[in-house]
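Descriptive structure summary
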Amino acid sequence: MAERPYQMRLAGELVAEFAGTMVLILFGVGVVAQVVAARLGDHDSIAWAWGIGVALGVYVAGRTTGAHLNPAVTLGFAVFRGFDWGKVVPFALAQTAGAFAGALVVRWNYTEALAMVDPGHTIKTQGVFSTLPGNGTLPVTQLGALRDQIIGTAILLFVVFALSDTSNMAPSANLGPVVIGLLIVGIGMAFGADAGYAINPARDFGPRLASFLTGYGSAWRDQHGGLYFWVPIVGPLIGGVIGAGLYQVCIARFLPPGMDRDTVKPSDA
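Quick look at the structure, then. The model shown is predicted, which means the values in this text are computed figures rather than measured ones. (Residues numbered from 1 in each chain as written. Predicted model: local features only at pLDDT ≥ 70, side-chain atom pairs only at ≥ 80, totals over all residues. Heavy atoms only, no water.)

Considerations on a nonpolar patch on the surface
For the record, the criterion: In this scheme, patches are assembled from residues that exceed 30% relative accessible area and form no salt bridge. Like charges are connected within 9 Å, while nonpolar side chains (Val, Leu, Ile, Met, Phe, Trp, Tyr) are connected within 5 Å. The method behind every accessible area is Shrake-Rupley, applied with a 1.4 Å probe, and residues are considered shielded solely by the protein chains displayed. Salt bridge, as applied in this entry: a Lys or Arg side-chain nitrogen positioned within 4 Å of an Asp or Glu carboxyl oxygen. A run of H or I in DSSP becomes a helix once it reaches four residues, and a run of E becomes a strand once it reaches two; helices and strands are each numbered from the N terminus.
Taken together, Leu 26, Phe 27, Trp 48, Ile 52, Leu 56, Tyr 59, Val 105, Leu 175, Val 178, Leu 182 and Met 189 make up a surface patch of nonpolar side chains, about 920 Å² in accessible area. Residue assignment for the nonpolar patch shows that the elements contributing at least two residues are helix H1 (6-38), helix H2 (43-65) and helix H8 (176-190). In terms of residues, the nonpolar patch owes the most to one element, H2, which gives four residues. Secondary-structure assignment places Ile 52 in helix H2.

Listed below in structure tokens is the structure:
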């Protein structure tokens, strides 16, 4: 069979990243809406649903792109695993668009419940869609939230690089998404208090934009009125590169020879 033209392959990859990210947002933002607006569930159900959403999103896009679903992951693979730099921005835009679309579906579906508990669409339910320092209640500053996002995303990429390294103990292809989902559950349960564990610029910005366009005028700011939307963008991008780099320096270079990690294709990432 003749190989498909580059533009057609890229289009398919962008659709896969869009769809995979949309799926993870449908479950992740959906569960937060259910807990906040309908009082069904708690922190543990949020952590588990986010993990399940990520796992299912990886299953959706995994064969086509490796399912980055996160600009920080895409950047880490470009810096250290040979991912095509020309695809970094298109992937990030597709991921953000998928997150935006998923959040719009959740916003529409929970219209009545959100209006009941928060008729003015204020900071009270803004956290359904986007993160806040200290989840809107704890005395965490923006710098504290930035620190948290750097650390959380560094953990994410460090482990993702381990799970995708065939020279290490990478899980078999059909089990990988489940393990990555468990990783998200673990980060949520251990590092969810200071900044809501966005650890993904698309996951935060897409739903934040969706909420702003549907009535949340304070969407770009935190509970203190400070401009906050940049924190879950900058922090994960920095932390992702740090975590991926630490894996390469501390683990990868000491492993026995295996697949060339510098020529990872999207479908292998």
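Looking at the pattern of salt bridges
Cut-off, in case you're wondering: Only protein chains enter the area calculation, which uses a 1.4 Å probe; residues under 20% of their type maximum are buried, those over 50% are exposed, and those in between are partly exposed.
Per the counting criterion, the structure on display carries three salt bridges. For Arg 147, the salt bridge is made with Asp 194, and the minimal N-O distance between the two is 3.3 Å. Linking Arg 147 in helix H7 (residues 142-163) with Asp 194 in the loop between H8 and helix H9 (201-213), this pair joins segments that are 47 residues apart in sequence. Residue classification places Arg 147 among the partly exposed residues on the basis of a relative accessible area of 46%. In this structure, Arg 208 and Asp 204 form a salt bridge, with 2.7 Å as the shortest nitrogen-oxygen distance. Placement of both Arg 208 and Asp 204 in helix H9 is noted, with a separation of four residues, approximately one turn of the helix. Since its relative accessible area comes to 0%, Arg 208 is described here as buried. According to the relative accessible area criterion, Asp 204 is buried, its value standing at 0%.

Thoughts on the packing of aromatic side chains
Each pair of aromatic rings is reported with the distance of its centres and the angle of its planes. The criterion, for reference: Two aromatic rings from Phe, Tyr or Trp, using only the six-membered ring of Trp, form a pair when their centres are within 6.5 Å; if the ring planes differ by under 30 degrees the pair is stacked, by over 60 it is edge-to-face, and anything between is tilted. Ring-over charges, as used throughout, are those where CZ of Arg or NZ of Lys falls within 6 Å of the ring centre and within 35 degrees of the ring normal.
Here the structure, examined in full by the defined rule, presents eight aromatic pairs. Ring geometry for Phe 212 and Trp 220: centres 5.4 Å apart, planes at 50 degrees, overall tilted. Seen in terms of ring centroids, Trp 220 and Phe 229 are 5.5 Å apart; in terms of plane orientation they differ by 75 degrees. Their pairing is edge-to-face. Given a relative accessible area of 19%, Trp 220 falls into the buried group. Taking relative accessible area as the criterion, Phe 229 reaches 26% and is therefore assigned partly exposed. Through successive ring pairs, a cluster of aromatic residues spans Phe 77, Phe 158, Phe 161 and Tyr 247. Here the guanidinium or amino end of Arg 81 rests over the ring plane of Phe 161, the centre of that ring lying 4.1 Å away.

Considerations on the packing of helix H4 (residues 88-109) against H9
Condition: A fitted line through C-alpha atoms serves as each axis, taken over the contacting stretch for helices, and the angle formed by two N-to-C directions is quoted from 0 to 180°. By the definition adopted for this analysis, an angle is roughly parallel if under 35 degrees, roughly antiparallel if over 145, roughly perpendicular if from 65 to 115, and oblique otherwise. Left-handed describes a crossing in which the near helix is turned anticlockwise from the far one by less than a right angle; the clockwise case is right-handed. When checking whether two residues touch, look at their non-hydrogen atoms; a contact exists if any pair is within 4.5 Å. Residue polarity is assigned by list, with Asp, Glu, Lys and Arg as charged and Ala, Val, Leu, Ile, Met, Phe, Trp, Tyr, Cys and Pro as nonpolar; anything else, Gly included, falls into the polar class.
Following both chains from N to C, one finds H4 and H9 inclined at 45 degrees, their axes separated by 7 Å at the closest point. Our classification of the angle between H4 and H9 gives oblique. Where H4 crosses over H9, the handedness of that crossing is right-handed. Across the interface between the two elements, Gln 95, Thr 96, Ala 99, Phe 100, Ala 103 and Leu 104 from H4 touch Ala 202, Arg 203, Phe 205, Gly 206, Pro 207, Leu 209, Ala 210 and Leu 213 from H9. Considering only residue class, the contact of H4 with H9 consists of 10 nonpolar, three polar and one charged.

A few points about H4
Which entries qualify depends on this criterion: Here a helix's expected span is defined as the number of its residues, less one, multiplied by 1.5 Å.
Its 22 residues place the ends of H4 32 Å apart at the C-alpha level, agreeing with the 32 Å of an ideal helix rising 1.5 Å per residue. Buried residues along H4 sit in contact with H1, H2, helix H3 (71-80), helix H5 (111-117) and H9.

Some thoughts on the nonpolar core
Rule in force here: Each nonpolar core is a collection of buried residues, namely Ala, Val, Leu, Ile, Met, Phe, Trp, Tyr and Cys, held together in the definition by side-chain atoms within 4.5 Å.
Among the nonpolar cores identified, the biggest contains 51 residues, and Trp 50 and Leu 156 are the most heavily contacted of them. Sequence-distant contacts of Leu 156, that is, excluding residues within four places in its chain, are made with Asn 70, Leu 183, Ile 184, Ile 187 and Ile 199. In this structure, Val 140, Ala 145, Leu 146 and Val 231 belong to the second largest nonpolar core, which totals six residues.

Brief notes about the layout of surface pockets
One way to see where empty space is left: roll a probe the size of a water molecule over the atoms. Keep this limit in mind: Cavity means a closed set of points on a 1 Å grid over the protein atoms alone, one where a 1.4 Å probe fits but cannot get out, pocket means an open set with protein on both sides within 12 Å along at least 5 of 7 lines, and lining means a residue has an atom within 4 Å of a point. Grid points are joined across faces, edges and corners, and a volume is the space filled by probe spheres set on the points.
Roughly 550 Å³ of volume is contained in the second largest pocket. As for the second largest pocket, its lining consists of 24 residues, of which Val 32, Val 36, Ile 46, Gly 127 and Asn 135 are closest to the centre. Of all elements in the fold, only H1, H2 and helix H6 (123-126) reach the threshold of two or more residues within the lining of the second largest pocket. Residues that form the lining of the second largest pocket fall into these classes: nine nonpolar, 11 polar and four charged.

Re the environment of Asp 118
Topologically, Asp 118 is positioned in the loop between H5 and H6. For Asp 118, a relative accessible area of 4% gives the class buried. For Asp 118 and Ala 37, which are 81 residues apart along the polypeptide, the C-alpha to C-alpha distance reads 8.4 Å.

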